[in-house]
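Below are the chains, spelled out letter by letter.
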Amino acid sequence: MKLAAEPVIHSTENNEDDTMSTAPSAMPQPPQPAANDPAPASAPPSLLRAMFARGTPMLWVPSGYFAMALTYMMLTSVTSIMFKNLGMDNGQAAQYASYLILAYTIKPLFAPFVEMYRTKKFFVLAAQLIVGVGFAGVALAMSLPDYMVIMVFLFGLLSLVGATQDIASDGVYVTALDTKTQSLFCGIQSLSWNIGPIVASGGMVYLSGWLHTHYFHHQPGVFGPEWIDSWRIIFFIVAAITIVTALWHMRVMPDGAKAENAPTSVADAAFILKDSFITFFQKRDVWLMVGFAFVFRLSIGLLEKIGPFFMVDPVAKGGLGLSNEMLGLIYGTYGLIAVLLGSLLGGIFVARRGLQKTLFTLCCAVNIPNVTFLLMSIYQPDNLVVICAGVAVEKFFFGFGSVGFMIYLMQQLAPGKYTTTHYAFGTGLMGLCMMVTGVVSGHLQQALGYVHYFWLVMAATIPSFLVTWFAPFHHKE
């Protein structure tokens, strides 16, 4: 049986997500010139020219990756703030939001099955319409007596649909575009994904606080059912954005090509998945690389959900007492700008000095600046400049160091028979770490208090240093 080939990896992972595909490019190749023909003049590819060409990918690449990120961030990040606003304690809020990462973590397991049926565009449109209707359903469910149970159930279903949207959207990207165009639009792809967190964690969280305080005239620091009014509007807005995006893609998105050796049956897909697992665990020093993929972001996983909770919890409970508006502004704008700037400079740093020489330095960059939250929990500053600076420093160095993690997976863990699938396994292990640490983080924080919990976060950096120090390098950079 012939197994499916795999495409070049283009990662748009920024904070929690990574966009992977298991389908190869199937674009027709241009005819080769005859031996007597003069060689054509080679011209460097132009992104500007491609952006304004007829049928340009600019019509659907930005909107497609923005939709992916918006869905992901609303489900796995914004929901934790909403749960907190609605009166859940930190343990439950972090736990329920972290469970929603699971579908994105295991998406490589069902990616081959998406390849078997209909077109990739069909799955993109179906997923986006279901997500839009589902978010509207969440808004409507808030009027029901047992709204919390219904919301959590709907969020679980939508996370599966959102993961399917990721698979299909990536499939359109790598099969509708040739490799040159993929490379040209890789930056547009990544930038568009990063707009999602700005809109979700920044704009929507800010708007929820503004509506709660200025439109519905509720007290901002009091958590409880009064927050339903503002969050209902937020989910109606996100539902409308997603449905409009689906209607737009119905007109402009290409179908995406089917892989030449795509599985034709469930048995074929299962065989490919099984073989990819076998070959993965046959890699040299695979368990050291698995440990690296799982543990590198251990401290970040403990910090991810609790950091925002610390910002909005009252000063009497050890928090900083910020409003949702300030939280959205700090995390969705200053924090994200710091991540993007750090990622850019981190990439330049690795490109100039090489990954093997810089990996431990990058690990230090990810983990040591977490001390800013420990210091803020001890001194509880009320100066917004100090708070913004603390978050920006942590996010900048997180972006700077995370570049090394992604490049290591691409260059050392992924190479082999199933390059893209094995890369997805690596990022899936990272997602599993984020889910497990997120589930327990809120309960640990409640038991320890903020100061002692952030000491625990600093202690959790030690395993990261160890796995990075012993991370094997078997492939040339």
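Please read all numbers here as calculations on a predicted model, not as lab measurements. (Residues numbered from 1 in each chain as written. Predicted model: local features only at pLDDT ≥ 70, side-chain atom pairs only at ≥ 80, totals over all residues. Heavy atoms only, no water.)

What follows concerns helix 5 (residues 107–114). Within the span of helix 5, buried status applies to Lys 107, Pro 108, Ala 111, Pro 112 and Val 114. For helix 5, the angular spread of the buried residues around the axis is 155°, confining them to a single face. As for helix 5, its buried residues are in contact with helix 4 (102–105), helix 6 (120–141), helix 7 (147–176), helix 11 (266–280) and helix 19 (419–459). (Buried < 20%, exposed > 50% of the residue type's maximum accessible area, 1.4 Å probe, protein only. Helix = DSSP H or I, 4+ residues; strand = E, 2+ residues; numbered from the N terminus. Arc of directions from axis to C-beta. Contact = heavy atoms within 4.5 Å.)

Detailed reading of the predicted model is not advised wherever pLDDT is low. Summary statistics for the chain give a mean pLDDT of 85 and a share of 87% for residues scoring 70 or more. Counting interchain partners and residues more than four positions distant, the pLDDT-below-50 stretch residues 1–5 has 13 contacts. Note that residues 7–42 has pLDDT below 50 and, in this model, 96 contacts with residues that lie over four places away or in other chains. (pLDDT = per-residue confidence, 0-100.)

Counting across every chain of the model gives 30 aromatic pairs. Measuring from ring centre to ring centre gives 4.7 Å for Tyr 72 and Tyr 104, while their planes differ by 85°; the resulting arrangement is edge-to-face. With a gap of 32 residues between them, Tyr 72 in helix 2 (residues 61–85) and Tyr 104 in helix 4 connect regions that are remote in the sequence. The class of Tyr 104 is buried, set by a relative accessible area of 6%. Where Tyr 453 meets Phe 454, the ring centres are 5.9 Å apart and the plane angle is 70°; that geometry is what we call edge-to-face. Each member of the pair, Tyr 453 as well as Phe 454, is classed as buried. Each residue in the set Phe 83, Tyr 96, Phe 135, Phe 155, Trp 231 and Phe 235 is aromatic and connected to the rest through ring pairs, giving one cluster. Positioned above the aromatic ring of Phe 309, the side-chain terminus of Lys 84 is 5.6 Å from the ring centre. (Phe/Tyr/Trp six-rings, centres within 6.5 Å; stacked < 30°, edge-to-face > 60°. Lys NZ or Arg CZ within 6 Å of the ring centre and 35° of its normal.)

In this section: unusual backbone geometry. Peptide bonds are, in most cases, trans, and in most cases residues other than glycine have a negative phi. Located in the positive-phi region is His 217, a residue other than glycine, with phi close to 60°. Residue His 217 is classed as exposed on the basis of its relative accessible area of 63%. Despite not being glycine, Asp 285 has its phi angle at roughly 55°, a positive value.

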